[in-house]
Amino acid sequence: MNAMETEKQGTGGQSRIAVVTGAGSGIGRAVAVELLRAGWSVALAGRRPGTLEETAALVPGGVCLAVRTDVSQPDDVAALFAAAVERFGRVDLLFNNAGTFGPGGVPVEELEYEAWRHVVDTNLNGAFLCAQAAYRQMKEQDPQGGRIINNGSISAHTPRPHSVAYTATKHALTGLTKSLSLDGRPYNIAVGQIDIGNAATDMTARMQTGALQANGEIAPEPVMDVADVARTVRHMAELPLEANVQFATVLATAMPYVGRG
């Protein structure tokens, strides 16, 4: 983990402070940009420094700190939150977004253990480590409290074929969300989850040309603008801590989900 030398400097009064993981691309980048444009200060976390800088450059004048972070590494996560608190003084929001699908199209009997472990380490262990670090900071800061939003998935409800590692971690993330939400009540920590289906990102580019369906057919699927996801996350983030969106599902209207299979 290292905090980059370059920080985007902004003007104006005190803003709310967010940590966004997986901020170098896709949903993480879209949410970071949405928050920056709304006046939040944002710690951008991700494994690739160059893509974090590209995210920061999308909002000239935005107040952000780019921190190279592998969320599966406890020391990296601790250093990320230390850097955010040193720079901004507190953490009001964690968007727990970093994740990986793993090797696509691999039947369960052929999935290598290391591939399974990589998905679990990133999607579940990484989400736990970041939530734990945010929880510790939010519990101790003054004023106390904050919000954690976990990026679940439609696969937290219904799997796709050949997605055992991804689906298992996303189901587990729902349990993590519920448990954190309960444990956070005494400390004014609100925890919710957004389950996203077919937002247009690099990860879902194949959907428009053809994705494996439960009946074995390959069929194109509709996608939605990732900006619509970002606006939903911002709405969840900007609620007063007395209110919480426990679970939100945002998906391309005509994608195969209701009745999938």
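Provided above is the structure to which this section pertains.
Notes on the structure follow. Because the structure is a prediction, the values reported are computed rather than measured. Positions within a chain are numbered from 1, following the residues in the order the chain's sequence is written. Given that the model is predicted, a residue must reach a pLDDT of at least 70 before its local features are reported, and side-chain atom pairs must reach 80 or more before they are shown or counted; all residues, however, enter totals for whole chains, interfaces and linings. For side-chain calculations, the full set of non-hydrogen atoms in the structure is used, while hydrogens and water are omitted.

**What about the nonpolar core?**
1) Next: Residues Val 42, Ile 194 and Val 229 are the most contacted members of the largest nonpolar core, which totals 37 residues.
2) Next: Secondary structure counts use DSSP, requiring at least four H or I residues in a row for a helix and at least two E residues in a row for a strand, with both numbered from the N terminus. Among the elements that take part in this core, helix α1 (residues 26-37) stands out by supplying seven residues, more than any other.
3) Next: Contact criterion: two residues are considered in contact whenever any of their non-hydrogen atoms come within 4.5 Å of each other. Residues within four places of Val 42 in sequence aside, it is in contact with Ala 18, Val 20, Ala 32, Leu 35, Leu 36, Val 63, Cys 64, Leu 65 and Phe 88. What is meant by a nonpolar core is a set of buried Ala, Val, Leu, Ile, Met, Phe, Trp, Tyr and Cys residues, joined one to another through side-chain atoms within 4.5 Å. Each residue's exposure class comes from its accessible area (1.4 Å probe, protein chains only) as a fraction of the maximum for that residue type: buried when under 20%, exposed when over 50%, partly exposed otherwise.

**As for the pattern of salt bridges**
1) Next: Definition used for salt bridges: Asp or Glu carboxyl oxygen within 4 Å of a side-chain nitrogen of Lys or Arg. According to the stated counting rule, one finds nine salt bridges in the structure shown.
2) Next: Among the salt bridges present, the one from Arg 90 reaches Asp 92, with a minimum N-O distance of 2.8 Å. The same class applies to Arg 90 and to Asp 92, which are both buried.
3) Next: Between Arg 231 and Asp 228 there is a salt bridge, with the nearest N and O atoms lying 2.2 Å from each other. Of the two residues, Arg 231 and Asp 228 are both situated in helix α6 (residues 226-237); the distance of three residues between them amounts to about one turn of the helix.
4) Next: Taking relative accessible area as the criterion, Asp 228 reaches 32% and is therefore assigned partly exposed.
5) Next: Where salt bridges share partners, they join Arg 16, Glu 34, Arg 234 and Glu 238 into one cluster.

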